[in-house]
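Survey of secondary and tertiary structure
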Amino acid sequence: MIDFNDSIAAIATPPGRGGIAIVRISGPDALKVASLITTPPGASARPIKARTAYFRKFYDGPEEIDEGVVLYFAAPHSYTGEDVVELQGHGGNVVPQRVLSAVLKIAGVRQAEPGEFTRRAFLNGKMDLTAAEAVEDLISAGSESAAKAALASLSGAFASRLETLSAKLTQFRVRLEACLDFPEEHEDFFDSGRAATELESLEALTRQALTIAGQGVRLNEGARIVLAGQPNAGKSSLLNALAGSERAIVTNIPGTTRDVLTINIEIGGIPVTITDTAGIRDRPSDEIEAIGIERALNELKQADLVLLMIDSSKPAAEAREALAHIQKLFDHPKNLMVVKSKIDLAPNAETAELLTQEPWSHLPQIATSTKTEHGLDLLRQQLNEVLGLIPSEGVFSARRRHVFELNECAAALTRAQEMLELGDLVLTARELTLAQDHLGTITGKVTSDDILGIIFSTFCIGK
Ligand SMILES: Nc1nc2c(ncn2[C@@H]2O[C@H](COP(=O)(O)OP(=O)(O)OP(=O)(O)O)[C@@H](O)[C@H]2O)c(=O)[nH]1
Ligand SMILES: [Mg+2]
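1. Let's talk about the overall build of the chain
Counting its regular elements, the chain contains 16 helices and 12 strands. With the C-alpha coordinates aligned to their principal axes, the bounding extent of the chain is approximately 90 × 75 × 35 Å. Buried positions account for 47% of the 463 residues belonging to the chain. For the chain, contacts bridging at least 24 residues in sequence account for 69% of all contacts bridging at least 6. Counting only carbon and sulfur atoms, one obtains 54% of the accessible surface of the chain, whose full area is about 22,300 Å². Within the chain, one finds 45 positive and 62 negative side-chain charges whose respective centroids are separated by 7 Å.

2. Remarks on the coordination of the magnesium ion (ligand 2)
For a metal bound by four donors in a tetrahedral arrangement, the ideal donor-metal-donor angle is 109.5 degrees, while six donors in an octahedral arrangement ideally sit at 90 or 180 degrees. Listed as protein donors to the magnesium ion (ligand 2) are Ser236 (OG) and Thr257 (OG1); their distances from the metal cover 2.0 to 2.1 Å. One end of the pair, Ser236, is in helix α9 (residues 235-243); the other, Thr257, is in the loop between α9 and β8 (261-267), with 21 residues separating them in the sequence. On the accessibility criterion, Thr257 (16% relative accessible area) is buried.

3. What about the packing of helix α14 (residues 400-421) against helix α15 (residues 425-443)?
Following both chains from N to C, one finds α14 and α15 inclined at 170 degrees, their axes separated by 8 Å at the closest point. The angle between α14 and α15 places the two elements in the roughly antiparallel class. Contact with α14, carried on its side by Arg401, His402, Glu405, Leu406, Glu408, Cys409, Ala412, Leu413, Arg415, Ala416, Met419 and Leu420, involves Leu425, Leu427, Thr428, Glu431, Leu432, Leu434, Ala435, His438, Leu439, Thr441 and Ile442 of α15 and no other residues of that element. When grouped by side-chain class, the residues that make up the contact of α14 with α15 number 14 nonpolar, 4 polar and 5 charged.

4. As for the nonpolar core
Core analysis: the biggest nonpolar cluster contains 36 residues, and Phe158, Phe190, Leu199, Leu406, Leu413 and Leu432 have the highest contact counts within it. If you list the elements that add at least two residues to this core, you get α5 (144-154), α6 (157-181), α7 (183-191), α8 (194-221), α14 and α15. Ranked by residues supplied to this core, first place goes to α8 with 9 residues. Excluding anything up to four places from it in sequence, Leu406 contacts Phe158, Leu162, Thr206, Ala209, Leu210, Ala213, Leu439 and Ile442.

5. Side note on the sheet that holds strand β12 (residues 365-367)
Strand order in this open sheet of 6 strands is β8-β9-β7-β10-β11-β12, and the pairing throughout is mixed. At either end of the open sheet lies a strand with only one pairing partner, and these are β8 and β12. The average angle at which neighbouring strand axes cross in this sheet is 25 degrees, direction not considered. As paired elements, strand β7 (residues 223-229) and strand β10 (residues 305-311) share 5 bridges and run parallel to each other. Paired with Val226 across the two strands is Val306, which belongs to β10.

6. Re α8
An α-helical turn contains 3.6 residues, so a residue and the one three or four places further along point in the same direction. Here α8 spans 41 Å end to end across 28 residues, near enough to the 40 Å set by a 1.5 Å rise per residue. One or two residues past the end of α8 sits Gly222, with phi positive at roughly 85 degrees.

7. Let's talk about the environment of Thr251
By the element assignment, Thr251 lies in the loop between α9 and β8. Between the C-alpha atom of Thr251 and that of Asn232, which follows or precedes it by 19 residues, the distance is 8.1 Å. Setting aside its immediate chain neighbours within four residues, Thr251 contacts Asn232 and Thr256. Looking at Thr251, its side chain comes within polar contact range of the side chain of Thr256, at 2.5 Å.

8. Some remarks on the pattern of salt bridges
For the structure on display, the rule yields 20 salt bridges. Across the pair Asp6 and Arg110 runs a salt bridge whose closest N-O atoms are separated by 2.5 Å. Residue Asp6 is found in the segment before β1 (7-11), and its partner Arg110 is found in strand β6 (residues 109-111); the two are separated by 104 residues along the sequence. Arg295 is the partner of Asp259 in a salt bridge, and the nearest nitrogen-oxygen pair spans 2.8 Å. Linking Asp259 in the loop between α9 and β8 with Arg295 in helix α10 (residues 287-301), this pair joins segments that are 36 residues apart in sequence. Through salt bridges with shared partners, one network takes in Asp6, Glu82, Arg110, Glu116 and Arg120.

9. Quick word on the packing of α6 against α15
One can describe the packing of α6 onto α15 by two numbers: an axis separation of 10 Å at closest approach and a directional angle of 160 degrees. Taken together, the axes of α6 and α15 lie roughly antiparallel to each other. Taken as a pair, α6 and α15 cross one another with a handedness that is left-handed. In terms of residue class, the contact of α6 with α15 is built from 16 nonpolar, 6 polar and 2 charged.

10. Looking at the domain arrangement of the chain
Domain annotation for the chain reports domain 1 (7-125), domain 2 (139-218 + 397-457) and domain 3 (230-386). The C-alpha-based centres of domain 1 and domain 2 are spaced at 41 Å. The interface of domain 1 with domain 2 comprises 6 residues on the first partner and 7 residues on the second. For the pair domain 1 and domain 2, the summed buried surface comes to about 530 Å²; carbon and sulfur atoms form 70% of the total. Viewed at the interface, domain 2 and domain 1 are joined by 0 salt bridges. There are 0 residue pairs in polar contact (both at pLDDT 80 or more) connecting domain 1 and domain 2. When the residues that make up the side of domain 1 that touches domain 2 are grouped by side-chain class, the tally is 3 nonpolar, 2 polar and 1 charged.

11. Focus on the sheet that holds strand β4 (residues 63-73)
Overall, mixed pairing links the 6 strands, which are arranged β3-β4-β5-β2-β1-β6 in an open sheet. Strand pairing shows two members of the sheet lacking a second neighbour, β3 (54-60) and β6, which therefore form its edges. The average undirected angle you get between the axes of adjacent strands in this sheet is 35 degrees. Here β3 pairs with β4 via 7 bridges, running antiparallel. The residue of β4 that forms the bridge with Arg56 is Gly68. Contacts from helix α1 (residues 30-37) reach β1, β2 (20-26), β3, β4, β5 (84-90) and β6 within the one sheet, and its direction differs from that of β5 by about 30 degrees.

Criteria and cut-off values
- Residues numbered from 1 in each chain as written.
- Chains lettered and ligands numbered in written order.
- Predicted model: local features only at pLDDT ≥ 70, side-chain atom pairs only at ≥ 80, totals over all residues.
- Heavy atoms only, no water.
- Helix = DSSP H or I, 4+ residues; strand = E, 2+ residues; numbered from the N terminus.
- Buried < 20%, exposed > 50% of the residue type's maximum accessible area, 1.4 Å probe, protein only.
- Contact = heavy atoms within 4.5 Å.
- Areas by Shrake-Rupley, 256 points an atom, 1.4 Å probe, with all protein chains shown as cover.
- Lys, Arg positive; Asp, Glu negative; His and termini not counted.
- Charge placed at Lys NZ, Arg CZ, Asp CG, Glu CD.
- Donors = N, O, S within 2.8 Å, 3.2 Å for Na, K, Ca; no water.
- Axes fitted to C-alpha atoms, helices over the stretch in contact; angles between N-to-C directions.
- Parallel < 35°, antiparallel > 145°, perpendicular 65-115°, else oblique.
- Nonpolar A, V, L, I, M, F, W, Y, C, P; charged D, E, K, R; others polar.
- Core = buried A, V, L, I, M, F, W, Y, C linked by side-chain atoms within 4.5 Å.
- Pairing = 2+ DSSP bridges.
- Expected span 1.5 Å × (residues − 1).
- Polar contact = N/O pair within 3.5 Å; in protein donor to acceptor, adjacent residues only side chain to side chain.
- Salt bridge = Lys/Arg side-chain N within 4 Å of Asp/Glu carboxyl O.
- Left-handed = near helix turned anticlockwise from the far one by under 90°.
- Domains from an automatic or database assignment.
- Buried area = accessible area lost by both parts, 1.4 Å probe.

Given below as structure tokens:
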């Protein structure tokens with residue numbers, strides 16, 4: 001449990017060489033700290049007004065340790081909602097640490113835990129949970145689109161969508177409760193089918209939010225693409241082509257790639273991880289290849305999209321075997337795209353014919369050559385489309401936690417509709433309460449200390 005009576009301090013700027021470093025203090029003793037640090041022994045403290053920059057020397061007892069700007073933000077008009085002081089001194093590996101350790105010597109001040117400033121901001125009502133999480137997303141954004149999405153969440157785009165949803169849900173629940181108390185006055189709402197229609201549209205709204213949140217997660221974490229196929233199909237060559245550099249070893253010996261190799265690239269401004277794997281075949285040549293194949297299969301299970309590479313110059317038996325391996329892993333391979341490789345070589349007619357038949361004909365297919373670079377641009381474009389990575393208007397950053405809760409909310413709304421159809425208004429009401437609780441968990445209206453601990457522990461110290 002956090003003790004709100006103490007004050008916390010941390011270096012808010014990154015470690016290493018830099019012009020300026022900021023030591024941030026938040027809590028009831030912040031102003032006292034500013035005063036003690038900037039006053040030499042024996043001298044009387046000079047006043048520090050809120051939102052005014054002062055250039056002062058910083059002291060550790062009698063010793064002068066740095067000089068810089070002091071800023072004071074009085075509660076509640078600060079990031080955390082508490083009194084906050086910033087000591088902006090020189091950067092580097094030594095000086096900021098000395099300033100911090102001088103601050104920590106003062107009674108009532110302790111080192112902040114990761115994310116504790118933002119946690120206090122949340123607990124003081126300065127921001128909701130989606131905004132608090134967006135702070136961390138903004139800091140760790142790996143691409144411009146991810147940063148834009150995080151900023152949208154920070155300024156409340158996600159929260160306001162959820163609030164609209166929650167408000168509609170409340171309205172509906174009020175009518176439902178009224179009906180339970182005074183059935184005769186509200187029959188019409190339910191008998192006419194209006195209630196059913198409203199619930200249906202509530203579920204549709206939830207699923208819309210779910211789609212956007214899913215995009216937000218991929219923007220944050222990057223979509224996971226895994227290359228799969230027979231040995232020698234050209235997987236490592238494609239990885240190199242997409243990376244723009246020779247990252248993976250390419251030879252004409254089948255079974256070249258043994259281990260899993262993952263690289264991070266951007267496609268159209270979106271972070272993507274691409275994983276190269278050992279070619280999958282039934283009879284590996286040695287134990288190392290066998291382990292590699294096992295690892296490949298593990299990667300495939302976690303992929304957002306599998307690119308199944310088929311060498312268009314090889315006999316159809318290879319393609320059949322490659323697909324069989326995928327089908328063994330997934331009953332309904334939903335995120336599967338076929339990449340026909342080596343189309344600069346003479347095509348195998350039997351393979352070409354096979355790919356026009358079921359179930360191949362239902363899969364997206366794209367013809368490529370890493371030798372001539374044919375199809376590579378088209379492939380990048382298709383990757384964006386298939387993964388839904390082209391950020392739609394109003395995309396906000398989101399986390400897997402949000403997607404999970406929205407899914408649960410949608411499921412509760414589906415069950416509510418079933419109960420309504422059965423005429424059981426009590427159970428309908430119960431499902432709606434559940435649905436609303438799941439929404440509340442996202443913004444932090446319904447929350448437990450455990451969840452908060454997990455969320456804020458991933459933050460950096462000083463934020
Ligand atoms: N002509 C032609 N050859 C290619 C093309 N792509 C790859 N190759 C060749 O095919 C061979 C195998 O390529 P890799 O990229 O190592 O194949 P892989 O699927 O990673 O193979 P494993 O690691 O053994 O599973 C190499 O000799 C490549 O030069 C292409 O588009 N055209
Ligand atoms: Mg390889």
